Amino acid sequence: MTTRVTAFAAIEDEFNAYVGSIVSATMVTVDAKGRPRTRVLIPVWELVDGVPVGWLATYKTKVKAAHIAGNPYTSFSYWARGNNSAAVDAHAAWVDDLDLKAHVWRLYRKTSPRGAGYNLGQFWNSPSDPLLHVLKLTPWRVQVIRGRDLRSRIWQPASA
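Residues numbered from 1 in each chain as written. Predicted model: local features only at pLDDT ≥ 70, side-chain atom pairs only at ≥ 80, totals over all residues. Heavy atoms only, no water.

### A closer look at unusual backbone geometry
Here's step 1: For the peptide bond that leads from Ser-112 to Pro-113, omega is -5°, which places it in the cis range.
Here's step 2: If you check the backbone angles, Val-23 has positive phi at about 75° while not being a glycine.
Here's step 3: With respect to the helices and strands, the residue Val-23 is situated in the loop between helix 1 (9-22) and strand 2 (25-30).
Here's step 4: Overall, Val-23 belongs to the buried group, its relative accessible area being 17%.
Here's step 5: One non-glycine residue, Leu-150, lies in the positive phi region at around 60°.
Here's step 6: Mapped onto the elements of the fold, Leu-150 is located in the loop between strand 8 (133-146) and strand 9 (151-155). (Helix = DSSP H or I, 4+ residues; strand = E, 2+ residues; numbered from the N terminus. Buried < 20%, exposed > 50% of the residue type's maximum accessible area, 1.4 Å probe, protein only.)

So this is what it looks like as structure tokens:
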């Protein structure tokens, strides 16, 4: 059975627990012909004005950049043994603002939610490293599924 909610607070604890323990998500984009491409990445998430906002520190590869330019909608899937899972459908947009990159750098370091993230210094020198790119992820749908009974809850903002 699926329950729909318009307040993210109704699923926030479960979302944070699953993302924090699973950590890695499969990101899906599509090419100009509608063919999917997946890659495993580690986004971080925070709550802003009661709604989730995601951030992905990444390299701006030609394929990823072309896919996002052609269709900025993406999906992130988290899954663990026992079937606890979370799925996030979001709009992705590149951000170049150094203050935002510094904010994202801190979120990764502290892990957000707890457990999700890592020290970005393993791949980039600092928030101003020209090879560090950030995608802002604005979810329009988030689903959490509890594995033991497959209870599903879907958040979508009232305006979606």
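### Quick word on the nonpolar core
Here's step 1: Ranked by internal contacts, the top residues of the largest apolar core, which has 39 residues, are Phe-15, Trp-55, Leu-56, Tyr-108 and Leu-137.
Here's step 2: Within the residue set of this core, elements represented by two or more residues are helix 1, strand 2, strand 4 (44-48), strand 5 (51-58), strand 6 (73-79), strand 7 (85-95), helix 3 (98-110) and strand 8. (Core = buried A, V, L, I, M, F, W, Y, C linked by side-chain atoms within 4.5 Å.)

Scope: geometric values only; no functional claims are made or implied.
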